[in-house]
Amino acid sequence: MVATVRFAPSPTGLLHIGGLRTALFNFLFARKNNGKFILRIEDTDKSREVRGAVENIKETLRTFGLNWDVGPIFQSERLKTYHEHASRLVAQGDAYKCGCSEERIADLKKHAQAEKRPFRYDKHCLKNPAPSTGSGSNHFVIRQNVPEEGITSFEDLVYGKIQVANSTLDDGILVKSDGYPVYNFANVIDDHLMEITHVIRGEEFIPSTPKHILLYKSFGWQVPQFAHLPLLVDKKRQKLSKRSGDAAVKEYVEKGYLPEAILNFIAFLGWNPKTEQEIFSLDELIKAFDLEKVNKSAAVFDLEKLNWFNSHYIKEKPLSELLKYAQRYFPVTDTSPYPEEFLEKILEIEKGRLNKLSEVGERAGYFFQEPEYNKDLLSWKDMTGEEIKKSLEVSKKIIFNFQFSISKKEIEKTFFQEIGEGDKGTLLWPLRVALTGLRASPGPFEILEAFFCLQNGKETVLKRIQKAIDKI
RNA sequence: GGCCCUAUCGUCUAGUCUGGUCUAGGACGCCAGGUUUUCAUCCUGGUAACCCGGGUUCGAAUCCCGGUGGGGCUACCA
């Protein structure tokens, strides 16, 4: 199959999760079918355009490996094409100029509302064409001349047969008075000209699809295949959008969600492989993807599940690579004085405990700063001050003999040789608290291992233990 | 309001087309137990759903009809 698809966002803000999912499915479909993936920027509403949005779209797509083959193509640079096609439609009677004032339209709407019937433009300007006032006047729009009778239907690849009576369709605006086309028009022209075979987009476009089809037919063009994707909704089951506040992909990336986790997660929103496999790389997704496996009902964006995917990928990622993503989250402004080995050890220790990378900041503070804690914390079960002191002295003595860069295994071995396998808690709890100041923390051996990557690691550790002894 | 879409555990979903193997499976979450020096990881177990009402049928989550719930669209936005 020769497939050509496109992802056609409007540059009105940061790319959000729903947009990324649409891009992903288009990408997967293209790759799966040896097709072409076009990036098209639908910037026909200049008033809503946000600076930097295009850059954000491109950057986001790149970080997720959703590389496009053609584009970005900007609709705002193709005005002439749209005008030509609009003229053709007007000439053949499938569209017409409308010079109605905003007031008249508002009035029409008000009446429709009062009579509890849906608003549809009354084709006034079609029936009463304004006398040509020469080329000067441009206060008109071009409207689609939707037939008043008949039924328009299409076979959606996801939803199956959808049909609507033309009588429920409005003579929508095709070209605005500022000369820019609206989505419903530019979309059709471009999809045809770019030879798009499969239009894969959000479910919210189902209601406007019949109008698009009518347009294709007016031009005598072949209608592409449509595959509408179920909506992504929030906890309240409302459409996930920029208004949902936290839907920007960039925000998730900044919080320390790994791209592969986000991708894997959103792939499963509205689609699943029909097997019990949950973890998929991008390549595996390409192999498994099939529009037939796309669901029809809206999917709730569940952060808990994203967290699970993310923690999985965090645990799985090689340390050196993980460090690149996590670097910025360490609780120091500059990590350059610290050897990579030290930082990697911290990640190794913490990675099993993270839902997102940004959490290392709040978790690993004691590696960079002497902890504050109450001396009561040093007591495990009913240990007395004397016992704690004695325990810490033992730890101190053992650690004193350690060399730079000693391994966790060796540390553990040495400790257990010294004290036997008996009452580990009485020795290890106070040591752990002295090191971290925390009730719950990673084990002391791995913490020591990390510190012994530092030139002054031994000194720091010994100092902390002494401080604990002094507290008693 | 009108048009359109949709309906399986709290959430993502398998199963629906081709009715029985479904006392409805998996995953997340949650709960309990095990491993363990605390926490986490890990392992084991548990919790929890076919929207409602009719009909067809020996038999319905699955087919039909009617409700109801949820959502989207209804812009000179996309």
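Residues numbered from 1 in each chain as written. Chains lettered and ligands numbered in written order. Predicted model: local features only at pLDDT ≥ 70, side-chain atom pairs only at ≥ 80, totals over all residues.

In terms of regular secondary structure, chain A is built from 19 helices and 12 strands. Its C-alpha radius of gyration of 32 Å places chain A more than 25% over the 23 Å reference for a compact globule of 472 residues. Dimensions of chain A, computed from the C-alpha atoms along their principal axes, are close to 100 × 45 × 40 Å. By the burial criterion, 34% of the 472 residues in chain A qualify as buried. (Helix = DSSP H or I, 4+ residues; strand = E, 2+ residues; numbered from the N terminus. Rg over C-alpha atoms; globule rule 2.2 N^0.38 Å. Buried ≥ 20, exposed ≤ 12 C-beta atoms within 10 Å, placed from the backbone.)

This part covers the protein's contact with RNA strand B. Around RNA strand B, a shell composed of 61 residues is seen, among which Glu-42, Tyr-183, Ser-297, Asp-302 and Ala-440 lie nearest. Put simply, the parts of the chain that give the surface near RNA strand B at least two residues each are β7 (160-165), β12 (299-300), α11 (303-316), α17 (424-436) and α18 (444-451). Broken down by element, the residue count for the surface near RNA strand B peaks at five residues, all from α17. Classifying every residue of the surface near RNA strand B gives 25 nonpolar, 14 polar and 22 charged. (Near = placed C-beta within 6 Å. Nonpolar A, V, L, I, M, F, W, Y, C, P; charged D, E, K, R; others polar.)

Spatial strand order, β1-β2-β3: three strands in an open sheet with parallel pairing. Where the open sheet ends on each side, the last strands, each with one partner, are β1 (4-7) and β3 (70-74). Across the sheet, the mean angle from the axis of one strand to that of its neighbour is 25 degrees, orientation sign disregarded. Of the pairings in the sheet, the one linking strand β2 (residues 36-41) to β3 comprises three bridges and is parallel in character. Among the inter-strand pairings, Ile-41 is bridged to a residue of β3, identified as Phe-74. (Pairing = 2+ DSSP bridges. Axes fitted to C-alpha atoms, helices over the stretch in contact; angles between N-to-C directions.)

This part is about α18. For α18, a buried count of seven out of eight residues is recorded, marking the element as mostly surrounded by other parts of the structure. Within α18, the full set of buried residues consists of Pro-444, Phe-445, Ile-447, Leu-448, Glu-449, Ala-450 and Phe-451. Close packing links the buried residues of α18 with α13 (340-350), α15 (385-400), α16 (408-419), α17 and α19 (457-471). (Contact = placed C-beta atoms within 7 Å.)

For β7, the buried fraction is low: zero of the six residues fall into the buried class. Bridge analysis of strand β6 (residues 151-156) against β7 gives six bridges, and the strand direction is antiparallel. Along β7, the bridge assignment pairs Glu-155 with Lys-161. Between β6 and the antiparallel strand that follows it, β7, lie three residues.

Turning our eyes to something else, we now look at the confidence of the model for chain A. Residues with a pLDDT of 70 or more make up 97% of chain A, whose mean pLDDT is 91. What the predictor reports for the complex is a pTM of 0.93 with an ipTM of 0.94. (pLDDT = per-residue confidence, 0-100.)

This next bit is on α11. Between its terminal C-alpha atoms α11 stretches 20 Å, which fits the 20 Å expected from 14 residues at 1.5 Å a residue. Leu-306, Phe-309, Asn-310, Tyr-313 and Ile-314 are the residues of α11 that are buried. Each buried residue of α11 lies within a common arc of 135 degrees when the element is viewed along its axis, so the set occupies one face. Seen from the open side of α11, the exposed residues pointing more than 90 degrees away from its buried face are Glu-304 and Lys-315. Its buried side turned inward, α11 meets α9 (259-267) and α12 (319-326). (Expected span 1.5 Å × (residues − 1). Arc of directions from axis to C-beta.)

A word on the domain arrangement of chain A. The domain architecture assigned to chain A consists of domain 1 (4-77 + 232-300), domain 2 (79-229), domain 3 (317-366) and domain 4 (370-471). Its C-alpha centre places domain 1 at a distance of 49 Å from the equivalent point of domain 4. (Domains from an automatic or database assignment.)

Looking now at the packing of α15 against α17. Two quantities define a packed helix pair, namely the angle between the axes and the distance from one axis to the other. It is at 9 Å that the axes of α15 and α17 come closest, and there the two elements cross at 80 degrees. One finds that α15 runs roughly perpendicular with respect to α17. When α15 is examined against α17, the residues Glu-387, Ile-388, Ser-391, Leu-392, Val-394 and Ser-395 are found in contact with a partner set consisting of Thr-426, Leu-427, Pro-430, Leu-431 and Ala-434. Tallied by class, residues from the contact of α15 with α17 come to seven nonpolar, three polar and one charged. (Parallel < 35°, antiparallel > 145°, perpendicular 65-115°, else oblique.)

At their nearest, the axes of α16 and α18 sit 8 Å apart, and the two run at 125 degrees to each other. It follows from the interaxial angle that α16 and α18 lie oblique. At the point where α16 passes α18, the crossing takes the right-handed sense. Where α16 abuts α18, its residues Lys-408, Ile-411 and Glu-412 lie against Phe-445, Glu-446, Leu-448 and Glu-449. In the contact of α16 with α18, the residues fall into three nonpolar, no polar and four charged. (Left-handed = near helix turned anticlockwise from the far one by under 90°.)

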